[in-house]
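Working through the structure, step by step
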Amino acid sequence: MPFFSYRARNVRGEMLQGVIESSDSGAVADQLFNTGVTPIEISLTRRPVSVSGEGWWGRLTEAKVRPIDVQLFSRQLYTLLKAGVPIMRGLAGLQESSTNKAFSRVLKDLRESLDSGRELSAAMRRHPDVFSAFYTNMVRVGETTGRLDEVFLRLFDHLEFERGMRDRIKTALRYPTFVTIAMVVAMGVINLFVIPAFAKVYAGFKADLPIMTQVLVATSNFMVHNWLAMLAALVIAIVGFRFYIGTPKGRYNWDRIKLRLPLVGDIITKGTMARFARSFALSSKSGVPIVQGLSVVAKTVDNTYIGGRIEQMRDGVERGETIFRTALTTGVFTPVVMQMLAVGEETGELDTLLDEIGGMYEREVDYEIRNLSARIEPILITCLGAMVLVLALGVFLPIWDLGKVAISKG
């Protein structure tokens, strides 16, 4: 449908302008009148008018929409809707008070989409980089059930959990990442600059070098002569890996492997179980049918392997099987989750029990993440000690041997 730009006045006499997508100018006028706005001018336009007067450079350098922006938006919109503020007026107020220009443009587009007759969930789907599939599906549920304010509050809690988990993981991995980078840089400097200097000294001795020294010199020579090829191979490997996991099959295989990784596989599994329990409980509390809820949850667990198993559960429930029986056949859920699914389905308290499971796994993930650094440190110390031992033996053994030879000849 074509776009129409308009200028109009509201009941307070304030001038409004925007863009509406509609079939013709008459339909635009009807929409404006229905919202209590009197149109002054309506004209056909090729595309929506930008709300930012900046050029391409301003768009390129401005701050992007952050998860915290969406989280605060959810809490603010819940407060406004709970207070009885119309959603159009609420969005207008949030747009004016937003300090993020990119998010302000998103809010303006939401208002224009609502003006053109779209539902809020449909308008949010126009911005998949801002609102996730789970977010838009839950908003759709709120629109259907008439509990949009409650849905926004639950989405705020859900996003708070997601943000907290990301922050804790970053904090836990900061020290191990720094040590690992320092070790890699040190190995590169030693192999490219230090060992070649020692190799020239050893060559002047014209003596047989210990096997450890020969390995170090050979490794150093290989890096000196092939560092560009190694760098290119590393870049190709990273790009190839990212391309592979960007394919449906690659993402599925990588998500399955992640669950079996040492140290972090258990954390990923528990985090996924927490996300599943919280999302399923949220959709159930919001009045979503089980089949539709499982379809929504399958997109929110952030693991296509487990998401595929949840879709398998959905298909089983559609055939008339119980949730517990279909979950049992997937083979991905922990015994605790299975037990809660069985009890919750039998007592009708599935959402409450899943909420408790989500909280339990969140606490376990928090504990595991807090102790992740302590579990990684011994491995890093062992690797660092082994590296120092190899370098010490390779560098100083020849000097030691030549010193003994000189003493014996003397």
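This write-up is about the structure you can find in this document. (Residues numbered from 1 in each chain as written. Predicted model: local features only at pLDDT ≥ 70, side-chain atom pairs only at ≥ 80, totals over all residues. Heavy atoms only, no water.)

1. Points about the overall build of the protein
Along the backbone of the protein there are 17 helices and 3 strands. For the protein, the C-alpha radius of gyration of 30 Å lies well beyond 22 Å, the compact-globule estimate for 410 residues. Projected onto its principal axes, the C-alpha coordinates of the protein cover approximately 110 × 60 × 35 Å. The proportion of buried residues among the 410 residues of the protein is 39%. Roughly 23100 Å² of accessible area belongs to the protein as shown, and the carbon and sulfur atoms make up 62% of that amount. A gap of 7 Å separates the mean positions of the 48 positive and 41 negative side-chain charges of the protein. (Helix = DSSP H or I, 4+ residues; strand = E, 2+ residues; numbered from the N terminus. Rg over C-alpha atoms; globule rule 2.2 N^0.38 Å. Buried < 20%, exposed > 50% of the residue type's maximum accessible area, 1.4 Å probe, protein only. Areas by Shrake-Rupley, 256 points an atom, 1.4 Å probe, with all protein chains shown as cover. Lys, Arg positive; Asp, Glu negative; His and termini not counted. Charge placed at Lys NZ, Arg CZ, Asp CG, Glu CD.)

2. Observations concerning the packing of helix 10 (residues 248-258) against helix 13 (residues 304-318)
Following both chains from N to C, one finds helix 10 and helix 13 inclined at 100 degrees, their axes separated by 7 Å at the closest point. With respect to each other, helix 10 and helix 13 are oriented roughly perpendicular. Residue-level contacts link R251, Y252, D255 and R256 of helix 10 to T304, Y305 and R309 of helix 13. Residues that form the contact of helix 10 with helix 13 fall into these classes: 2 nonpolar, 1 polar and 4 charged. (Axes fitted to C-alpha atoms, helices over the stretch in contact; angles between N-to-C directions. Parallel < 35°, antiparallel > 145°, perpendicular 65-115°, else oblique. Contact = heavy atoms within 4.5 Å. Nonpolar A, V, L, I, M, F, W, Y, C, P; charged D, E, K, R; others polar.)

3. A short note on the nonpolar core
In terms of nonpolar packing, the biggest core is built from 38 residues, with F276, F280, I310, F333 and V337 touching the most fellow members. No other element matches helix 11 (residues 265-285), which puts 7 residues into this core. If we skip the residues at most four places from it in the chain, V337 touches M273, F276, I357 and Y361. By size, the runner-up hydrophobic cluster in this structure holds 26 residues, among which are L91, A123, V151 and L282. (Core = buried A, V, L, I, M, F, W, Y, C linked by side-chain atoms within 4.5 Å.)

4. Thoughts on the packing of aromatic side chains
All told, the structure shown has 9 aromatic pairs when counted by the stated rule. Measuring from centroid to centroid gives 5.6 Å for F73 and F103, while their planes differ by 80 degrees, and the two rings are edge-to-face. On the criterion of sequence distance, the pair formed by F73 in helix 3 (residues 67-82) and F103 in helix 5 (residues 101-115) is long-range, its members being 30 residues apart. A connected cluster of aromatic rings, assembled from ring pairs, spans F73, F103, F131, Y135 and F152. The ring of F156 has R75 lying over it, and the distance from NZ or CZ to the ring centre is 5.9 Å. (Phe/Tyr/Trp six-rings, centres within 6.5 Å; stacked < 30°, edge-to-face > 60°. Lys NZ or Arg CZ within 6 Å of the ring centre and 35° of its normal.)

5. Digging into unusual backbone geometry
Despite not being glycine, L263 has its phi angle at roughly 70 degrees, a positive value. Among the structural elements, L263 can be located in the loop between helix 10 and helix 11. L263 sits in the partly exposed class, given a relative accessible area of 29%.

6. Some thoughts on the packing of helix 3 against helix 4 (residues 87-97)
The interhelical angle for the contact between helix 3 and helix 4, taken along N-to-C directions, is 140 degrees, at an axis separation of 10 Å. The pairing of helix 3 with helix 4 is recorded here as oblique in orientation. Like other packed secondary-structure pairs, helix 3 and helix 4 cross with a definite hand, here right-handed. Across the interface between the two elements, F73, Q76, L77, L80 and L81 of helix 3 pack against I87, G90, L91 and L94 of helix 4. (Left-handed = near helix turned anticlockwise from the far one by under 90°.)

7. Comments concerning the side chain of N191
Looking at where N191 falls in the secondary structure, it is placed in helix 8 (residues 148-205). Discounting residues that sit within four places of it in the chain, N191 has contacts with P196, L216, T219, S220, M223 and V224.

8. Observations concerning a nonpolar patch on the surface
A cluster of nonpolar side chains, contributed by W227, L228, L231, L234, V235, I238 and V239, occupies part of the molecular surface with about 690 Å² of accessible area. Within the element layout of this structure, V239 appears in helix 9 (residues 211-245). (Patch = residues over 30% accessible without salt bridge, like charges linked within 9 Å, V, L, I, M, F, W, Y side chains within 5 Å. Salt bridge = Lys/Arg side-chain N within 4 Å of Asp/Glu carboxyl O.)

9. Side note on the pattern of salt bridges
Tallied over the entire structure, the rule returns 15 salt bridges. Its salt-bridge partner being R163, residue D167 comes within 3.8 Å of it at the nearest N-O pair. Of this pair, D167 and R163 both sit in helix 8, separated by 4 residues, roughly a single helical turn. You can call R163 partly exposed: its relative accessible area is 27%. Here K270 makes a salt bridge to E364, at a shortest N to O gap of 3.1 Å. Residue K270 is located in helix 11, and its partner E364 is located in helix 16 (residues 350-370); the two are separated by 94 residues in the primary sequence. Residue classification places K270 among the buried positions, given a relative accessible area of 14%. In this structure, a network of salt bridges that share partners links the residues D266, K270, E364, E368 and R375.

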